[in-house]
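# Per-entry structural report
So the chains spell out like this:
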Amino acid sequence: MTTTNGHPAKTTSRMVSAPGTHTAVLTDIREFLTFKIGNEEYGVDILRVQEIRSYEKPTTIANAPSDLKGMVNLRGVIVPIIDLRLKLGLTTVQYDHLTVVIVLNIGQRVVGVVVDGVSDVLTLEREQLRPVPELRGNFDPEHLLAIGSVGKRMLILLDIEKFLANSVESNATATSH
C-alpha cells in the first residue's frame with residue numbers, strides 16, 4: 001500500500017504501556033489510515049488495512065448483533081461486515097456514495113468495517129501523539145492507542161484489534177454454525 005504522497009507505507013514503532021496504566025508511549029514514527037464516523041476522525045494502523053472497498057449491502061444473518069451488518073464473499077473469503085458507527089453506540093446513518101468498507105486483518109481473521117468515509121494516510125511522530133485520558137462511561141480506554149494531533153485536527157487512534165476482539169470472536173462463532 002502507498003501513502004497519498006506515493007511513498008510506500010511503513011511503520012517503525014510500537015506502543016508501550018506502563019504496567020497498571022492506560023498511558024501508551026510511542027517509540028517512533030507510525031502511519032495511520034484516517035476515516036470519519038459522524039463528526040469525528042479516527043485512525044487505524046495502516047499495517048492492519050488490507051483494502052478499501054465501496055459499500056455494498058452484505059448478506060444478513062438472522063439473530064446477529066446489531067453492529068454486524070452481515071457477510072460478503074471477498075474473492076472466496078467470507079468476511080463479516082461490522083458497522084463501526086453502531087459498534088461505537090452512535091445513531092445509524094444512511095449509506096451513500098461516500099460510505100466505504102475498510103477490510104482489516106485482525107489476528108488470523110479478515111473483517112470489514114463500515115465507516116462514513118476515508119480521509120487519508122497520515123504519518124505521525126512521537127510529539128504528535130498524546131496519551132489517552134482516563135475516561136468515564138462504557139468505553140474502555142484500552143481500545144485506544146493514543147490521541148493524534150495534526151494541526152487543528154484531533155484523531156482518535158483505535159487499537160482496532162482490541163476494539164473488535166469481542167465482535168470478531170462472536171462473529172466467528174455465529175458464522176461457523
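Look above for the structure.
Reference entry: report on the structure contained in this document. Given the structure is predicted, the values throughout are model-derived calculations rather than measurements.

Cut-offs used in this document
Residues numbered from 1 in each chain as written. Predicted model: local features only at pLDDT ≥ 70, side-chain atom pairs only at ≥ 80, totals over all residues. Heavy atoms only, no water. Helix = DSSP H or I, 4+ residues; strand = E, 2+ residues; numbered from the N terminus. Buried < 20%, exposed > 50% of the residue type's maximum accessible area, 1.4 Å probe, protein only. Areas by Shrake-Rupley, 256 points an atom, 1.4 Å probe, with all protein chains shown as cover. Contact = heavy atoms within 4.5 Å. Pairing = 2+ DSSP bridges. Core = buried A, V, L, I, M, F, W, Y, C linked by side-chain atoms within 4.5 Å.

### Quick look at the overall build of the protein chain
Helices and strands together make up the secondary structure of the protein chain, namely two helices and 13 strands. Across the 177 residues of the protein chain, 41% fall into the buried class. With an accessible surface of roughly 10000 Å², the protein chain has 50% of that area assigned to carbon and sulfur atoms.

### Details of the side chain of Asp159
Summarising the element assignment, Asp159 is placed in the loop between β13 (153-158) and α2 (160-175). Classification of Asp159 by relative accessible area gives buried; the value is 16%. With residues up to four places along the chain from it excluded, the contact list for Asp159 reads Glu142, His143, Leu144 and Leu145.

### Quick look at the pairing of β13
Relative to β13, strand β4 (residues 40-45) runs parallel, the two being bridged by three bridges. Note that in β13 the partner of Glu41 across the bridge is Leu155. Alignment of strand β12 (residues 144-150) against β13, held across six bridges, turns out to be antiparallel. If you follow Ala146 over to β13, its bridge partner there is Leu157. Taking the residues that link successive antiparallel strands as the turn, the β12-β13 hairpin has two residues, and the phi of Gly151 there is positive, at about 60°.

### Considerations on the nonpolar core
Counting 25 residues, the largest nonpolar core has Phe35, Leu104, Leu158 and Leu164 as its most contacted members. Listed by contribution, the elements that provide at least two residues to this core are β3 (30-37), β4, β8 (100-106), β9 (109-115), β13 and α2. Here the element with the most residues in this core is β8; it accounts for four residues. Those residues in contact with Leu104, other than ones at most four positions away along the chain, are Val44, Arg48, Val49, Gln50, Arg109, Val110, Val111, Val113, Ile160 and Leu164.

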